[in-house]
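# Topology and contacts: notes
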Amino acid sequence: AQKVTQAQTEISVVEKEDVTLDCVYETRDTTYYLFWYKQPPSGELVFLIRRNSFDEQNEISGRYSWNFQKSTSSFNFTITASQVVDSAVYFCALNSGAGSYQLTFGKGTKLSVIP
Amino acid sequence: NAGVTQTPKFQVLKTGQSMTLQCAQDMNHEYMSWYRQDPGMGLRLIHYSVGAGITDQGEVPNGYNVSRSTTEDFPLRLLSAAPSQTSVYFCASSRTVMNTEAFFGQGTRLTVV
């Protein structure tokens, strides 16, 4: 069985603050893939990042960074110097097991960036 | 590129009615799937297909049917709509199974009264 937990339901920050969104996953497989998706108020789902279980290097993309730690089964997402356009629901997702056809989503974290 | 196109964007049904949600992709992706999104629940897999002629059930398949006659299209049919099927539905496609980036449609907001 696989599970993704996003314990933070809603977060509010003031513009320019840094914010970290937590993601904890559970899987018994040694091969798995982790994702983050963004869902802005318009409703579409936007792919942000994919990480496989064999690559523990952290990644930075502009103001976004991701911290993957297998020891704690976490894949946290940090936004530096947040902006109003970052306001969205963010989903962490897991695909595990060879040939697995399912993407298991967390319940999402709603981020509100206040001007 | 159009990517993944879902129609309609909004729909209101009466209990017991049937309807089909359309999904088409133009990326020649083998894998397609349907998810439903409910408040506080994230997205849950309804049905998926790994290629034309091949479909299987996901986590919450009851009350839904699918078929995949072509690579491009993957319609979702509600046989007899129930209020519990009020949700936002997303179609997704990816090049292979779900360890690659998935492209999602814009979603269909369905209300069953």
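Residues numbered from 1 in each chain as written. Chains lettered and ligands numbered in written order. Predicted model: local features only at pLDDT ≥ 70, side-chain atom pairs only at ≥ 80, totals over all residues. Heavy atoms only, no water.

### What to know about the overall build of chain A
Stated formally: Where helices and strands are cited, they refer to DSSP runs of H or I of at least four residues and of E of at least two residues respectively, numbered from the N terminus. Our radius of gyration is a C-alpha quantity, and the globule rule it is checked against amounts to 2.2 Å times the number of residues to the power 0.38. When a residue's accessible area, from a 1.4 Å probe over protein chains only, is under 20% of the maximum for its type it is buried; when over 50% it is exposed; and in between it is partly exposed. Should any heavy atoms of two residues lie within 4.5 Å, those residues are counted as being in contact. Where accessible areas are quoted, they stem from the Shrake-Rupley method and a 1.4 Å probe; at the residue level, only the protein chains shown are allowed to cover.
Broken down by element type, chain A carries zero helices and 12 strands. Secondary structure of chain A in N-to-C order comes out as β-β-β-β-β-β-β-β-β-β-β-β. Relative to the globule expectation of 13 Å for 115 residues, the C-alpha radius of gyration of chain A, 14 Å, shows essentially globular dimensions. C-alpha extents for chain A along the principal axes are approximately 45 × 25 × 20 Å. Buried positions account for 47% of the 115 residues belonging to chain A. Considering only residue pairs separated by 6 or more positions, chain A has 56% of its internal contacts joining residues 24 or more positions apart. For chain A, the computed accessible surface area is about 5,600 Å², with 48% contributed by carbon and sulfur atoms.

### Focus: the interface of chain B and chain A
What counts, and what does not: Put simply, buried area is the surface a 1.4 Å probe can reach on two separate parts but cannot reach once they are joined, added for both. In the sections that follow, a salt bridge refers to a side-chain nitrogen of Lys or Arg positioned within 4 Å of a carboxyl oxygen of Asp or Glu. Within 3.5 Å is the distance limit for a polar contact, defined as a pair of N or O atoms, with the added protein rule that one can donate a hydrogen and the other accept it, and that residues adjacent in sequence qualify only through two side-chain atoms. Each residue gets one of three labels, nonpolar for Ala, Val, Leu, Ile, Met, Phe, Trp, Tyr, Cys and Pro, charged for Asp, Glu, Lys and Arg, and polar for the others, Gly among them.
Residue-level contacts link 20 residues of chain B with 19 residues of chain A. Of the roughly 1,700 Å² buried between chain B and chain A on both sides combined, carbon and sulfur atoms contribute 61%. Seen at the junction of chain B and chain A, the total is zero salt bridges. The interface formed by chain B and chain A includes three residue pairs in polar contact (both at pLDDT 80 or more). Of the residues belonging to the side of chain B that touches chain A, the class tally is 12 nonpolar, six polar and two charged.

### Side note on the pairing of strand S6 (residues 54–57) of chain B
Inclusion rule: Paired strands, in this sense, are two strands between which DSSP finds at least two bridges.
As paired strands, strand S5 (residues 42–51) of chain B and S6(B) are joined by four bridges and run antiparallel to one another. Looking at S6(B), one finds that B:Gly51 is bridged to B:Ile54.

### Thoughts on the state of the cysteines
Our working rule: When two cysteine sulfur atoms are found within 2.5 Å, that pair is recorded as a disulfide.
A full pass over the atoms with the stated rule returns two disulfides over all chains. Between A:Cys23 and A:Cys92 runs a disulfide, and the two sulfur atoms are separated by 1.9 Å. The disulfide joining A:Cys23 to A:Cys92 has a torsion of about -65° about its S-S bond and is therefore left-handed. Of this pair, A:Cys23 sits in the loop between strand S3 (19–21) and strand S4 (24–26) while A:Cys92 sits in strand S10 (residues 88–96), placing them 69 residues apart in sequence. Each sulfur of the disulfide joining B:Cys23 and B:Cys91 lies 1.8 Å from the other. On the sign convention where negative is left-handed, the bridge of B:Cys23 and B:Cys91, at about -70° about the S-S bond, is left-handed. With B:Cys23 in strand S3 (residues 19–25) and B:Cys91 in strand S9 (residues 87–94), this residue pair connects regions lying 68 residues apart in the sequence. Taken as a pair, B:Cys23 and B:Cys91 share a single burial class, namely buried.

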